[in-house]
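Structural overview for review
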Amino acid sequence: MMRVGVLGPVEVRDGSELVAGGGDRQQAVLAVLVAAAGRVVSVDRLADQVWNGAPPARAGSVLQVYVSRLRRLLEPDRPPRSPATTLVSEAGGYALRLPDDAVDAWSFERDVRLAAGLPPADAVELLRSALERWRGRPYEQFGDEDWARTEIARLHEARCVAQERAATALLRLGRTADAVRAARELADAEPLRGEAWRLLALGLWASHRPADALDVLRAHHARLGEELGLYPEPALAALERAILEQRTGVLAGAVGPARAGTFAGRIAELTELDRLMEEDGDAPFAVISGVGGVGKTTLALAWAQRTASRYPDGQLYADLRGFGPEDAPAGPSEVLFAFLAALGMPEHRVPPGLDERVALYRSVLAGRRMLLVLDNARDAAQVRPLLPGARGCAVVVTGRSELAGLVVAEGAHLLRLEAFGADDARDYLRARLGADVADADPAARDAVVARCGGLPLALAVVGARAARHPLAVVAGELAGEPGLDAFTTPADRKAAGDRSDPRSVFSWSYRHLPPDAAELFRRLALHPGPYVTLDAATAVAGGDRRDTHRLLRQLADAHLIVESRPGRFGYHDLLRAYAKELAGDERETLDRLAWHHLYAAANAARSSIRSGSRRESRNRRRRCRRPRSPSGRPRCRGWTPSTTTWWPSRRCARPCSAGSCGRSGSSSRMCGTTWTRRSS
């Protein structure tokens, strides 16, 4: 099929081959007919435009020659004397009858219109394809002709609209870097176009560059004042105020979540989400909880992407900032404002009060099938106003606490996300680095997996480093640096910011703990075994069992410790390293642990003595005496370790306790327990 191009110099192509289009006048006839977009152009008007208002005396005859040549060019296979079907004569004029795909300008405008009603991912692809049809200035040879100027300006505006829609769709997809590039290209080409600068500022703000966003808005303001004596549009002024006031909820309506990065494994979790959502029918509601850096957001986004077709009315995403470098979480009122804007509600129609916004939001959602991703929630009270009121919408909430209020009152399904197992961690490295790199040195790969403890954040940091250095070198660095220092360098922080630093990510959970829970989190990390019992934790806390159990539940709910079995608590290796950094002087804690194990051993010994024969008991009593506290040291009378608690844990805790007592100067206090160890 012959194709006509006018988004650049006017040309005709047969497939990919350029075909001679004749002289300038003949090409002008074709260009005028293309600009008419299939409408009939009278002979008089055609002659006036082709000869720029001064047609010759026999212009009609000359036009007939041009039209005859163009018909042979556009329909080379048409039999002689048969009627033309492409360039036709109608009502005293001529019209071009070609499909939209045969003319680049026609197909471009069609695709821009279609993209307005498509989901963001489809819109981006369609607009990208449409914009690639541009080869230069439209109707380039005829740019100075009067008839061409209006058409060139119209097509130029359509191109700007397409670029704005592409940048908007990229923001909705969370592809902020691509959106910034697209908006900057448009802003540089059209420095007085306010929407381009608004999109650029939104993209920079969403990329955690609020200072740069303010700079571009102020630069546009200054240019408008200097060149036109105007103030910025109200939308730009409102955006500047929102950035200054840190109302990041404004982003929720314009910027979607970043794409799920490297995703591997989690098959069981995805399957469980599918099952939970199917159980709820028309109103699925799930809460994904886990420690910072375990991949809650990535899992939620991956699930949202693979189930997008179930929710044809789209998705809404908001980062609620429950835990992060910002001090204040996103308020429900500002998130609702952004959601309503994303749903097409004009700003002036959004009511000021929270209750009114909730009512309007739920009425707008009624009858729609949408997916809501509420990421990084602080608590249930922050989430409740954002829940849809009617069935049909699915909700996925992520948070570092278990948000028990949503589970109990709203019937949410809870999915606790744990660190990767060894196999999933290896799959993650293969997805990140490529199987050939990750499997080239299995020993180094497995050493990295073990050092990261299956935490996706740590694996991501190591994966970024392994993209620049051999995996064996990275494994050696991890082995040579204790604690968390191996997982962050000044170069890493400069490239990716605090969100890639495990120490910073953990701190966002720690700083929200009550003081007594924070103290216990620090002290328990000094316990020299993989887990700690409730009795040992009570000794460390210095309170009673009930209060200590309450604190342990708070830490477990925040996913800072894990209750692997009832009454037995432990840390992820990297969280233990973080807690140890905060612990400071360990002497008092180790002394408390030493006395706990000392009394526990004595109680176990007495129980064993009571269970034996009298003679054997007498002999044992001669060798075992109740340990005595040094002068001035408290007897720890508020608690009595039970034999049943101590016996199962002795094999792990006892050898470690002896070593830790040596560090704290308490080794002599353990001598009274050595008989129990030998006799067991």
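Description of the structure in this document. (Residues numbered from 1 in each chain as written. Predicted model: local features only at pLDDT ≥ 70, side-chain atom pairs only at ≥ 80, totals over all residues. Heavy atoms only, no water.)

Moving on to the packing of helix α18 (residues 422-433) against helix α20 (residues 442-452). The packing of two helices is summarised by the inter-axis angle and the distance between the axes. α20 packs onto α18 with a crossing angle of 115° between their chain directions and a minimal axis gap of 10 Å. Between α18 and α20 lies a crossing of right-handed hand. Contacts between α18 and α20 involve Ala422, Ala425, Arg426, Leu429 and Arg430 from the first element and Arg445, Asp446, Val448 and Val449 from the second. Along the lines of polarity and charge, the residues of the contact of α18 with α20 split into 5 nonpolar, no polar and 4 charged. (Axes fitted to C-alpha atoms, helices over the stretch in contact; angles between N-to-C directions. Helix = DSSP H or I, 4+ residues; strand = E, 2+ residues; numbered from the N terminus. Left-handed = near helix turned anticlockwise from the far one by under 90°. Contact = heavy atoms within 4.5 Å. Nonpolar A, V, L, I, M, F, W, Y, C, P; charged D, E, K, R; others polar.)

With a phi angle near 55°, Arg321 is a residue other than glycine that sits in the positive phi range. With respect to the helices and strands, Arg321 occurs in the loop between β8 (315-319) and α14 (332-342). Judged by its relative accessible area of 6%, Arg321 falls in the buried class. Of note, Asn376 is a non-glycine position whose phi angle comes to about 60°, a positive value. Summarising the element assignment, Asn376 is placed in strand β9 (residues 371-377). Under the relative-accessibility criterion, Asn376 is labelled buried at 14%. (Buried < 20%, exposed > 50% of the residue type's maximum accessible area, 1.4 Å probe, protein only.)

This paragraph deals with the pattern of salt bridges. Scanning the entire structure with this criterion turns up 36 salt bridges. Across the pair Arg193 and Glu157 runs a salt bridge, and its minimum N-O distance is 2.9 Å. Separated by 36 residues along the polypeptide, Arg193 in the loop between α7 (176-189) and α8 (194-206) and Glu157 in helix α6 (residues 146-172) bring together distant segments of the chain. For Glu157, a relative accessible area of 38% gives the class partly exposed. A salt bridge links Asp178 to Arg181; the shortest N-O distance between them is 2.1 Å. Residue Asp178 and its partner Arg181 are both found in helix α7; the two are separated by 3 residues, about one turn of the helix. Salt bridges linked by common partners bring Asp423, Arg426, Asp427, Arg430, Asp439, Arg445 and Asp446 together as one network. (Salt bridge = Lys/Arg side-chain N within 4 Å of Asp/Glu carboxyl O.)

Now for the nonpolar core. Counting residues in each nonpolar core, the largest one holds 83 residues, and the members touching the most others are Val34, Leu96 and Tyr139. Considering each element in turn, this core owes the most residues, 12 residues, to α6. Ignoring anything within four residues of it in the chain, the contact list for Val34 reads Val4, Val6, Leu96, Val103, Trp106 and Tyr139. With 76 residues, the next largest nonpolar core counts Ala264, Leu429, Ala438 and Ala556 among its residues. (Core = buried A, V, L, I, M, F, W, Y, C linked by side-chain atoms within 4.5 Å.)

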